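Structure at a glance
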Amino acid sequence: MSTDIVSSTGTPPGADSAESFGSAGPGAFAPDAIVVTGIGAVLPTGRGPEALWTAWREARTALSPYQDPYVRTRRITHFGHVPAELQQLSRDSVPHKLRKFGTAFTFNAVLAAEDAMRQAGESWQAVPEERRGLYVAQDDSTELSVAAFHKALDQARTDTSRQVGADLTRVVAEAFGNAATFNPFTVIRALNNNTLALVSIARRFRGDCAAFVQDAGAALGALQRAAFSLRQGDCDTALVVGAGSYNEPLKLAAQYRAGNLTAGADGAAPLRSFDAGRDGTVLAEGAVALVLERAGDAAARGARPLVTVLGAALRPAVDSGVGPAALAESARGLMAAHGVTPDTLGAVLADGKGTVHHDAAEAELLRALLKDSGVPVSSVRPVTGTLGAAGPLAELALAPSLFAAGELPPIAHLATPPDDGTDFVTGTARKRRIDTVLSLHSSFNGFAGALLAERPHLV
């Protein structure tokens, strides 16, 4: 649904568009190119992009048996939990008086933003607060606590009227009602821009801003908007943050009922992207923050560009009646706008959720897009799980390591890839010079997108 991607300023990104971030072709330098100068990450793999890269390179999954102090289930077998000590560190990074306004994943966002700003360099702090843009992607717009359900169930147990009892609809309605009265900040938590508000206050961003929901499409929208605002001169630096968590009872239940989650069979890897034995995805949580600037501004203050962000495409996906071939054409158009062809592409980072349906559709998209070009395809999803709004930004965070290492790690746990001509990387890393990266994403709410980035070239 295009209405799921909204801007706080009332300017939604085109749901069927490819927006250019820079006019330069690959390998060229342009002062108005959009570059990343700072990266922060709080993910199941740990803190920082290096932890993510190391886990991916070692095919070391960060997925673990699902655990939650309030939720007991045998249906949700695994989850991409942010380590407890890192969760606490995130909470500690938020000023005490602000914590009552936030949730665990918004605390992760604040810590990731802090790390990204630090890497961007102290001179970045000279940018006036009113010229700092903030663009946030958040996974969802509601937070219905387990405590609210607990109170509703308790009411059902003690209420002797015929209307209550085991009426699940009534219990859910009571829970929503309790959420409004249980916590006076529930209203704030229900807003789409909760992460934006907390990061803005904690990290002092007072300039142009926008908040987007949901999932990976929100992150692509936030990147589009940040680049647009930088190029329009609406801000002098842009912080893009993607954060969220699928660890909420209603989200977990909905994905389970939709058949999207792995059964977690004994002895089998929990998430097997593109494998013939795949049986579902593993949901996850985390936050990634990126400092974006115009390349000329970054060079003027002595900052080192880490990635040049070329552009993003986002459109309704298969579930909305658009097939893989049309989605491949959208990604091809994005590459063509920047002089990149499948033959010159360095690597493709596929979504690879691990569900039978999503991976089959993506495999078909890859066939249509790459057409035996020999471009290697990998995915980090078996390591991190399905991240939602942090997913596309996490893959941008990996790009500097791909450029520097000259190798593409394999898809962990992929034993039997599709026999369709696509070069899925299995077993060991693929040695290769990588100057450009295309990452593909699909969301549970019916959108698919692509993100194109390249190695920065400064002269």
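To be clear, the structure that these remarks concern was listed above.
Read on for an overview of the structure.

1. So, the pattern of salt bridges
- Taken as a whole, this structure holds 25 salt bridges when the rule is applied.
- Among the ionic pairs, Asp279 bridges to Arg272, the shortest N-O distance being 3.1 Å.
- Its relative accessible area of 14% is what places Arg272 among the buried residues.
- Sharing partners across several salt bridges, the network here consists of Arg47, Glu114, Asp115, Arg118 and Arg203.

2. Observations concerning the side chain of Thr281
- Counting through the fold element by element, Thr281 comes out in the loop between helix H9 (249–257) and strand S9 (285–294).
- Since its relative accessible area comes to 1%, Thr281 is described here as buried.
- At 2.7 Å, the side chain of Thr281 forms a polar contact with the side chain of Thr386.
- Excluding residues within four positions of it along the chain, Thr281 makes contact with Asn260, Leu261, Thr262, Leu271, Lys353, Gly354, Thr355, Thr386 and Phe444.

3. Comments concerning the pairing of strand S2 (residues 34–43)
- Counting buried positions along S2 yields 10 of 10 residues, so the element is predominantly enclosed.
- Looking at chain direction, S2 and S9 are connected through 8 bridges and run antiparallel. When the bridges of S9 are listed, Ile34 appears paired with Arg294.
- Inspection of the sheet shows S2 paired to strand S3 (residues 46–47) by 2 bridges, in the antiparallel sense. Residue pairing in the sheet places Val42 in a bridge with Arg47 of S3.
- Two successive antiparallel strands, S2 and S3, enclose a turn made up of 2 residues.

4. Observations concerning the nonpolar core
- Of all hydrophobic cores here, the largest spans 55 residues; its most connected members are Trp56, Val288 and Leu292.
- Once you skip the residues sitting within four places of it in the chain, Trp56 turns out to touch Leu349, Ser378, Ser379, Val380, Val383, Leu398, Leu402, Leu408, Pro409 and Pro410.

5. Here we look at helix H1 (residues 49–57)
- Taken as a whole, H1 has its buried residues at Pro49, Leu52, Trp53, Ala55 and Trp56. Looking straight down H1, one finds that the buried residues subtend no more than 165 degrees of arc, so they occupy a single side.
- Contact partners of the buried residues in H1: S2, strand S11 (347–349), strand S12 (376–378), helix H13 (381–384), helix H14 (391–405) and strand S13 (407–408).
- Downstream of H1 by one or two residues, Ala59 has phi in the positive range, about 50 degrees.

6. Some words on the packing of aromatic side chains
- For the coordinates displayed, the defined rule picks out 5 aromatic pairs.
- When the ring of Tyr246 is compared with that of Phe444, the centres are 6.2 Å apart and the planes differ by 80 degrees; the resulting orientation is edge-to-face. On the criterion of sequence distance, the pair formed by Tyr246 in the loop between strand S8 (237–245) and H9 and Phe444 in the loop between strand S16 (436–442) and strand S17 (447–454) is long-range, its members being 198 residues apart. Considered together, Tyr246 and Phe444 belong to a single accessibility category, that of buried residues.
- Between the aromatic rings of Phe274 and Phe424, the centroid separation amounts to 4.8 Å while the plane-to-plane angle is 40 degrees, which identifies the pairing as tilted. Of this pair, Phe274 sits in the loop between H9 and S9 while Phe424 sits in strand S14 (residues 423–424), and the two are 150 residues apart along the sequence.
- Of the residues examined, Phe274 reaches a relative accessible area of 1% and is grouped as buried.
- Lying across the ring of Phe205, Arg132 places its NZ or CZ 5.9 Å from the centre.
- Just above the ring of Tyr246 sits the side chain of Lys251; from NZ or CZ to the centre is 5.8 Å.

7. Brief notes about the pairing of S17
- Across the 8 residues that make up S17, a large majority, 8, are buried.
- Neither face of S17 is exposed, since Phe447, Gly449, Leu451 and Ala453 on one face and Ala448, Ala450, Leu452 and Glu454 on the opposite face are all buried.
- Bridge analysis of strand S10 (residues 307–316) against S17 gives 8 bridges, and the strand direction is antiparallel. Each bridged residue has a counterpart across the sheet, and for Pro316 the counterpart in S17 is Phe447.
- Taken together, the 7 bridges between S16 and S17 define a ladder with antiparallel strand orientation. Within S17, the residue paired with Ser442 across the bridge is Ala448.
- In sequence, S16 turns back onto S17 through a hairpin of 4 residues, with Gly446 there showing a positive phi of about 95 degrees.

8. Details of the packing of helix H2 (residues 84–92) against helix H3 (residues 104–120)
- In contact at an axis separation of 8 Å, H2 and H3 are set at 75 degrees when each is read in the N-to-C sense. Overall, the two elements H2 and H3 adopt an arrangement that is roughly perpendicular. Contacts between H2 and H3 involve Leu86, Gln87, Leu89, Ser90 and Arg91 from the former and Ala104, Phe107, Asn108 and Leu111 from the latter.
- Residue composition of the contact of H2 with H3, by class: 5 nonpolar, 3 polar and 1 charged.

9. Here's the deal with the side chain of Thr37
- Among the structural elements, Thr37 can be located in strand S2.
- At 2.6 Å, the side chain of Thr37 and the side chain of Glu293 are in polar contact.

10. With respect to the environment of Asp279
- Examined against the element boundaries, Asp279 turns out to sit in the loop between H9 and S9.
- When the C-alpha positions of Asp279 and Val356 are compared, they lie 6.2 Å apart, and in sequence the two are 77 residues distant.
- For Asp279, the side chain forms a polar contact with the main-chain nitrogen of Ala263, separated by 3.2 Å.
- A polar atom in the side chain of Asp279 sits 3.1 Å from the side chain of Arg272.

11. Considerations on the environment of Gly391
- Residue placement: Gly391 occurs in helix H14.
- Linking Gly391 and Gly286, residues 105 residues apart in sequence, is a C-alpha distance of 8.8 Å.

Reading guide: rules and limits
Numbering of residues begins from 1 in every chain and follows the order in which that chain's sequence is written. Given that the model is predicted, a residue must reach a pLDDT of at least 70 before its local features are reported, and side-chain atom pairs must reach 80 or more before they are shown or counted; all residues, however, enter totals for whole chains, interfaces and linings. To obtain the side-chain values, all non-hydrogen atoms of the structure were used and water was disregarded. A pair is scored as a salt bridge if a Lys or Arg side-chain nitrogen falls within 4 Å of a carboxyl oxygen belonging to Asp or Glu. A simple rule labels every residue: compare its accessible area, found with a 1.4 Å probe on the protein chains alone, to the largest value its type can have, and call it buried under 20%, exposed over 50%, or partly exposed in between. Segments assigned H or I by DSSP are reported as helices when at least four residues long, segments assigned E as strands when at least two residues long, and all are numbered from the N terminus. Polar contact is the term for a pair of N or O atoms within 3.5 Å; when the atoms are in protein, one must be able to donate a hydrogen and the other to accept it, and sequence-neighboring residues count only if both atoms are side-chain atoms. Only heavy atoms enter the contact rule, under which two residues are in contact if any of them lie within 4.5 Å. In short, DSSP must find at least two bridges between two strands for them to pair. Only buried residues count toward a nonpolar core, which is a set of Ala, Val, Leu, Ile, Met, Phe, Trp, Tyr and Cys residues joined through side-chain atoms within 4.5 Å. What the arc covers is the set of directions going from the helix axis to the C-beta atoms. Two rings belonging to Phe, Tyr or Trp (six-membered ring only in the last case) form a pair when the distance between their centres is within 6.5 Å. Interplanar angles under 30 degrees mark stacking, angles over 60 mark edge-to-face geometry, and anything in between is tilted. Sitting over a ring, as applied to charges here, requires NZ of Lys or CZ of Arg to be within 6 Å of the ring centre and within 35 degrees of the ring normal. Geometry is summarised by axes, namely lines fitted to C-alpha atoms with helices restricted to the contacting stretch, and by angles between N-to-C directions that run from 0 to 180 degrees. Throughout this description, any angle smaller than 35 degrees is read as roughly parallel, any larger than 145 degrees as roughly antiparallel, any in the 65 to 115 degree range as roughly perpendicular, and the remainder as oblique. As a working rule, the residues Ala, Val, Leu, Ile, Met, Phe, Trp, Tyr, Cys and Pro are called nonpolar, Asp, Glu, Lys and Arg charged, and the rest polar, with Gly in that last group.

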